[in-house]
Structure formats: C-alpha cells, structure tokens
Amino acid sequence: MDEALDDFRATTRAWLAANCPPEMRDAAQDEDAICWGGRNWTFASEAQRLWLERMAVKGWTVPTWPEAYGGAGLNRAQDKVLTEEMQAIGARLPLQSFGIWMLGPALLHFGTDAQKREYLPPIARGEVRWCQGYSEPGAGSDLASVQTRAEVDGDMYVVNGQKVWTSYADKADWIFALVRTDRNAPKHKGISFILIDMTTPGVTTRPIRLISGQSPFCETFFDDVRTPRAQRVGDENRGWDVAKYLLNHEREMISGGGGVLGDRSLGAVLAEMDGELDATLRAEAIDCEIDTLAMALTLERYKDQAETTEIGDASAMLKYAGTELNKRRHELVMKAKGSDALAWEGGEAEGWLRTKANSIEGGTSEVMLSIISRRVLGLPG
Amino acid sequence: MSLLPTEDEVMLAGAARGFLDRAAPVTHLRGLRDAGATHNAALWSEMAAMGWAGVLVPEAQGGSDMGHAAAGVLAREMGKTLAASPFLSTAVIAATALRQVSNDRSAKALAEIAAGRLTYALAVDEGPKHNPHATRLEAVAEGNGFRLHGRKSFVVDGGTADRALVLARTDNGLTLFDLPLDRDGITSVPKAMIDSRDAADLDFGDVIVTGDDVLGRVDDAMAVLRPALHAGQAALAAEMTGLTAGAFGMTVAYLQERKQFGVPIGAFQALQHRAAHLWSETEITASAVLNAGRILDSGEDATLAVSLGKARATKTAELAVQEGVQIHGGIGMSDAHDMGFFMKRARVSAEWLGDYSYHAETIARLRGF
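Conventions adopted
- Residues numbered from 1 in each chain as written.
- Chains lettered and ligands numbered in written order.
- Predicted model: local features only at pLDDT ≥ 70, side-chain atom pairs only at ≥ 80, totals over all residues.
- Heavy atoms only, no water.
- Helix = DSSP H or I, 4+ residues; strand = E, 2+ residues; numbered from the N terminus.
- Buried < 20%, exposed > 50% of the residue type's maximum accessible area, 1.4 Å probe, protein only.
- Lys, Arg positive; Asp, Glu negative; His and termini not counted.
- Charge placed at Lys NZ, Arg CZ, Asp CG, Glu CD.
- Contact = heavy atoms within 4.5 Å.
- Domains from an automatic or database assignment.
- Buried area = accessible area lost by both parts, 1.4 Å probe.
- Salt bridge = Lys/Arg side-chain N within 4 Å of Asp/Glu carboxyl O.
- Polar contact = N/O pair within 3.5 Å; in protein donor to acceptor, adjacent residues only side chain to side chain.
- Nonpolar A, V, L, I, M, F, W, Y, C, P; charged D, E, K, R; others polar.
- 1 Å grid on protein atoms, 1.4 Å probe; cavity = no way out; pocket = protein on both sides within 12 Å on 5 of 7 lines; lining within 4 Å.
- Points joined across faces, edges and corners; volume = space filled by probe spheres on them.

A tally of regular secondary structure across chain A gives 11 helices and 8 strands. Principal-axis analysis of the C-alpha atoms places the extent of chain A at approximately 65 × 45 × 45 Å. Counting all 381 residues of chain A, 53% fall into the buried class. Charge centroids of chain A, computed over 43 positive and 57 negative side chains, lie 4 Å from each other.

Structure below.
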C-alpha cells in the first residue's frame, strides 16, 4: 500500500516537473492569479491556459471526483500526495470555482447520472463557471425562509424574486439557487434546488460595494425567468436536504481559508514586518499562533474522518472556529503593522475588512453555535 | 500520519473505560481523600496486570510497549474519572527516562516498573513554576561520587514512590540521579494538595551518592530528561483532555436536566452558545494532543507538538472547569458535587510539567517570534 503510494508520489512529482509551466510555480495567493474559468474567461497568460488544460486532462482539477465526471478518482491519501507535491514546487491551483467546491459535491451526492454527465465535466475543465443563489434580503441566518418562487408551467419553472450576496454573479455562467416551490408547506419543506443559466432572459445582476471596497458580491434578480424543471437537483420540495449538504461543504471550505497569511507562521509574518512587538501584542500573537496550529491539525483530522464517515453538523465547528481565528489573525497583522497598514495601498486593510464577513457568510458564528448546541450536543430548542 | 484512532486504540480505550468505571470512578478519588490517602496500591497492581505499567517498557523487560499514543489513550480515560495512580510518574516519565540508558540497571528497573513492583517520582522543580534550567540543588563531586544538597518542591508522587529521578547541578551542567527515596539524608514532606493527589517537598541534606546513581551521563541530564519530560507532558495533556471531557459531560447533562423558569436551562441561548464554544475548543485541543502522541511515536523531534498539546490542553481544561462550575451554579460549588474535584485537578495539572505560558514560549521560539 505504502509502496504504491510512493510510486504515485514519484510519478506525480515527475509529471508536475515536466508539465507545470514555470510561471505557474510562484504559489501566488492574490486574486489576480486565480483562474476561475468559464465561458467568458480571459486567461491571464498562455501558461495559465496550458496549466489548466494539462491538469484537466489528468483529471487533477478535481482529483477526487470519479474519472467518468472529469476527475481522477484519487483516494484521500493520493489526493494528499498530489497537494503536497504541488506545494513542494509552489504550483498554483489550475482552477478554482464554486462548481468545484460546492455544486460538484452536491451533484455527486444528489444528482441523476444524466445531470452528473452534463454538468460535472465542464466544471472540471473550467468551461462553465457557477455561482450560488442562497441568501435573500429577508433570508439571511433564517435561510429556509427564502421567498424567491418557482411556479410550475408544464415542463418549466417560472422564477421570480431576488437573491443577495451572490458571489461573482456578474461573471458566472450558471447559478444554483434555492427557490420556493410550495408556499403552503412548512418553510423547510417547500424549497427546491434548481440550476439556471445566467443568460436566460429575465436574469440581471448588480454588484455590491463593501466596507473593504470592491467585492465579488452581487444582487441577482429573477423576473419571469423560464427554466426547465429537469434542471432541478433532488426531489421537488426537498431542496433543503441538498442545501444543508452543500452548506456543510461550504463551511469546511471557509474554515480552511487562511487568507493572505496562508499556512505561514504568524511569527514569521510579523517578524518580516520588522515590528518590535509590545509584550502584550506578542502574547496575543503567540496565543493566535497556537490556536492556528491546533486548528490546522483539526482540519486534517476531520478531512481524514470524512473519508469514512460524514462530518455532518460538526462542520459547524470548523466554520465557527476557523473564521473566528482568521479574523484574529488579520486583527493582529493590522496591529503589528500599525499606521503602515492604514493606507489602502498595501492590501492589508482590505484583507482585514474582508475577513469580517467570514463569520457571517455561509452561516453566522451564532448560527453555527446554535447548530452545535442543538444537533451535536442535543440541547433543547 | 492520521490523527484518527486505530482499531487497537479504540479497543484499548473501551477496555480501559470498562475497568475504570468499575474500579476508579470519581467516587474512588473522593473515598481516598476522605480517608486521608492519595494512592491505592491494589488499583495500581490491577493496572499493572493489564499491561498499563509497562505501556512504554520494551517487551524484553516484560512490558507491553504500546507507545506514546496508547499511553495517551490510557491517560485520557483515567482523566475522565480522575483516577489517581502512579501512571504518569512511573509508567510514562520514569520508563521513558530509563529507556534512554542501555544498561543492566535500567533494564532491571524497567522490568520492575512493568511488573508494578516499583514506582518513581520526578524531582525537577524547586520554585513555584516549572523550570528545569533553574535547578540549584547541588551535586558536589566527592571521591567516587557526589554529595547532594538542596531541596525540590512539587514532587508529584514524592510521598509514596519508591525512587525518584533527581535533577542536580554539577560542575559543568545538569545531572540526573536515580535514587531510592529512603536513602540517608532525603526527607520527604508530603503536602495536602488541592487535587487530593500525592505531591511532596523533598529535602536533600548532604546525601551521599555514587557514580552508579547517575542516570545517563554526568553533566548531560537533558539527553535523558528531555524525552521523559516530553512523554510526561504529552500524557498529562491527554489526561487533561479526559478531565475536560468528564467535566463537559456533566455540564451538558446538567443543561438538559436542570429546570429553571419552567424550562431546561439548556434551552437558553446564552448557555447553549457557551457550551457549543467549549465543545469546539475540546475538538481543536483533541487534535493537538493526539498529534503529540503520534509525533512522539514517530521518533521525530516532538518539542513543538508536545508543547502545543500541553498548552491547548491546559487552556481548554481551565475553560471546561470554570464553565462547569458556573453553569452548575450553587451545586457546582458544593463539595458534594464532583465538579470541584475536576477544577482542582485541572489547576494542578496546569502547573505540572510546564503551564500554558511555559509551553507558549517554547512554541514562540520554534515559530520565529
């Protein structure tokens, strides 16, 4: 077993050495370096295009997905090796997208075979870019109270309503959305999960400006949008099951977000800033470093566990602890850099402000704590 | 390297839980305290018979040699019901120290430990905070041996152990001695500790020792002591996660049972969120502590992993017992309730082998602060 894994590591290393363009080996973390793919994607360079193409052929844009749907069918150990080998040469991720992180896992679990064949391979190849239509002006923490409605008209749904906080809605090709298909049922039982092409007449988007400045968030409006019923994932009125499953994935993803600091030691980051830290600030930073190291081990442990058992509601802990920690890290960077971080130019302030959303998006910290107390600890309410 | 428990570890934990619930529930510690005792020799014999005393002793010396992660499994289960035993001092710390030295004396001592016939204490600290390098107890060379003079404080199990590993300052560094506690000139003064466990001050008034009493090499104590401290710190951290789980379990049960204003108090969001936060902390700490055991077993340098485990375990145990008492309200303050035992043991465990700040400083050094 270990021998087979060693072989896999050797061939992976050799393949990456031969195929990863030098320009793609800077482990760049800034927004501009990310390849999101999609119908309207303009590659930043020929190297970026080539890297995506080569990785997609290997199935390594989505390494753990089945080969039939564009992945490479890697197990967790192999996936870990691939990640390690990519990190070893500083290779960028060839593609990032909500299709990979969110819709893909939901389709693999709830989609029909036809839906998987239709939607997954274009995600894996970076040809179609997805966005998520969950929140509404009146449905934030109380997500199940979504009011955007889809009325049946023969083989079609007619969708009317508004979504908010739709990341990259203005750049996405398709949206997966929660819509109300039964207004008389209890709120969790009247929701469906549907897929809508963003070019369908009646879909419009408008960007939202945040305290951190420009943002990927948009408002998305549906005005008599006609979309086939066959584009529903899961049963009609059972969309909440899909939504919950997907939220768990989202929570795991957000919890892992190290922001601009990535996996680097906070101590090293602060030292670089040439900050002569006061004892109080230094102590705060050490506390944060300790919690960061322990959180990283916890993410690994949960990922290993997810190989055999569903993490389920406990993912709320990852989301809660991971995002609160990320906010602390960014607060510390701001304090360490002092007035040097107060101009927009360095980017720290933008990053710091942006992290304030981490404990709101994908379910607030308070909602996470309620999920833990009720569903993990079994407390009443 | 996975932090998930192996099948063997799951079985070991289950067997340990079964035994401890019968032989050493919290009422066992309460009974010892009420009787003015800190230790039950019969309990340790039973643990030894199950291979626990030899958990880190090689099979050649009759040990079960299960490793540090397994020692952590046992320590965690003991912590859940605050089982008092010489496990950490003897089976973990002394056994690890003795394993660093290959000679007949060590082999014999390891065999005696595994058989449950020999117990040890670790005599390192002299002041109120853990700090091996602040050792002032002198070992002055004299003839073929040394004359020891000074005192040690907070020697865990120092009132009941047969022998002690004693850290002393020699001409060019620190030296570790392996001495019987009935050696002429050693006076043990047991203290009535808040956690009802054994700890003593040891006074060394011109104790004559020989070169044979040195464990390892003269002036090179850390070669033997460092691995022993790491093993002890990791196992103590594991015990503290057990303690935390025990206190937390009582707290969650109380949130469900206790009614005020006509509803279970666990229905109040203010308390729900505190319980949920505490549970999150226990999960994160569990990873750090499991990792320490795994790294020790791998043979890699475990300094960072061990300090991370002990630091997190200390902080989380502190939170768990404070929330435990507060959420229990008045009953949590009463001696009739067990929560106080958990709080007191958490405080003693926090200090033993280095508190949060001690380990945080170690981590800071290793992480570039």
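What follows deals with helix H2 (residues 26-34) of chain B. Residues and elements named next belong to chain B. Among all positions in H2, only Val-26, His-28, Leu-29, Arg-30 and Leu-32 are buried. Residues of H2 that are buried sit in contact with helix H1 (7-23), helix H3 (41-49) and helix H11 (339-351). One or two positions beyond H2, positive phi appears at Gly-36, with a value near 75 degrees.

Take the domain arrangement of chain B next. All names here are of chain B. Structurally, chain B comprises domain 1 (7-118), domain 2 (121-221) and domain 3 (222-366). The C-alpha centroid of domain 2 is placed 23 Å from the C-alpha centroid of domain 1. Listed per partner, the contact involves 20 residues of domain 1 and 17 residues of domain 2. Buried area between domain 1 and domain 2, summed over both chains or domains, comes out near 1300 Å², and the portion from carbon and sulfur atoms is 58%. It is Thr-38, Ser-89 and Arg-105 in domain 1 that bury the most area against domain 2; as a group they hold 35% of the surface buried on that side. Between domain 1 and domain 2 we count 1 salt bridge in total. In this structure, Asp-178 and Arg-105 form a salt bridge, with 3.8 Å as the shortest nitrogen-oxygen distance. Where domain 1 meets domain 2, there are 2 residue pairs in polar contact (both at pLDDT 80 or more). Secondary structure elements with two or more residues in the side of domain 1 that touches domain 2: H2, helix H5 (87-99) and helix H6 (104-114). With 5 residues, H5 is the largest single contributor of residues to the side of domain 1 that touches domain 2. Of the residues contributing to the side of domain 1 that touches domain 2, the split by class is 12 nonpolar, 5 polar and 3 charged.

This part covers the pattern of salt bridges. All names here are of chain A. One pass over the full model with this rule turns up 63 salt bridges over all chains. With a shortest N-O distance of 2.7 Å, Asp-142 and Lys-187 are connected by a salt bridge. Of this pair, Asp-142 sits in the loop between strand S1 (130-133) and strand S2 (149-153) while Lys-187 is found in the loop between strand S4 (174-180) and strand S5 (191-197), placing the two residues 45 residues apart along the sequence.

The subject of this paragraph is the domain arrangement of chain A. Residue and element names in this part refer to chain A. Domain boundaries assigned for chain A yield domain 1 (2-96), domain 2 (130-237) and domain 3 (256-376). Distance between the C-alpha centres of domain 1 and domain 2: 32 Å. Facing 5 residues of domain 1, the contacting portion of domain 2 comprises 5 residues. Summing both sides of the interface, domain 1 and domain 2 together bury roughly 400 Å²; the carbon and sulfur share of this comes to 32%. Connecting domain 1 to domain 2 are 1 salt bridge. Among the salt bridges present, the one from Asp-197 reaches Arg-39, with a minimum N-O distance of 3.3 Å. If you look at where domain 1 meets domain 2, you find 2 residue pairs in polar contact (both at pLDDT 80 or more).

All names here are of chain B. The calculated volume of the second largest pocket comes to roughly 620 Å³. What lines the second largest pocket is a set of 35 residues, among which Val-73, Arg-76, Thr-241, Ala-286 and Leu-290 lie closest to the centre. Tallying contributions element by element places helix H8 (residues 269-298) first for the lining of the second largest pocket, with 9 residues. A breakdown of the residues in the lining of the second largest pocket according to their chemical character gives 21 nonpolar, 8 polar and 6 charged. Two domains share the lining of the second largest pocket, each providing at least three of its residues, namely domain 1 (7-118) and domain 3 (222-366).

Residues and elements named next belong to chain B. Using the criterion set out here, one finds 5 cavities of 30 Å³ or more in the structure. In this structure, the largest cavity encloses a volume near 140 Å³. Around the largest cavity sit 17 residues that line it, and Ser-85, Pro-86, Asp-157, Arg-197 and Arg-345 are the ones nearest its centre. Examining the composition of the lining of the largest cavity, we find that 3 residues originate from one element, H5, more than from any other. For the lining of the largest cavity, a count of residues per class yields 8 nonpolar, 4 polar and 5 charged. When its volume is computed, the second largest cavity comes out at roughly 50 Å³. As for the second largest cavity, its lining consists of Leu-122, Val-124, Asp-125, Phe-154, Trp-352 and Leu-353.

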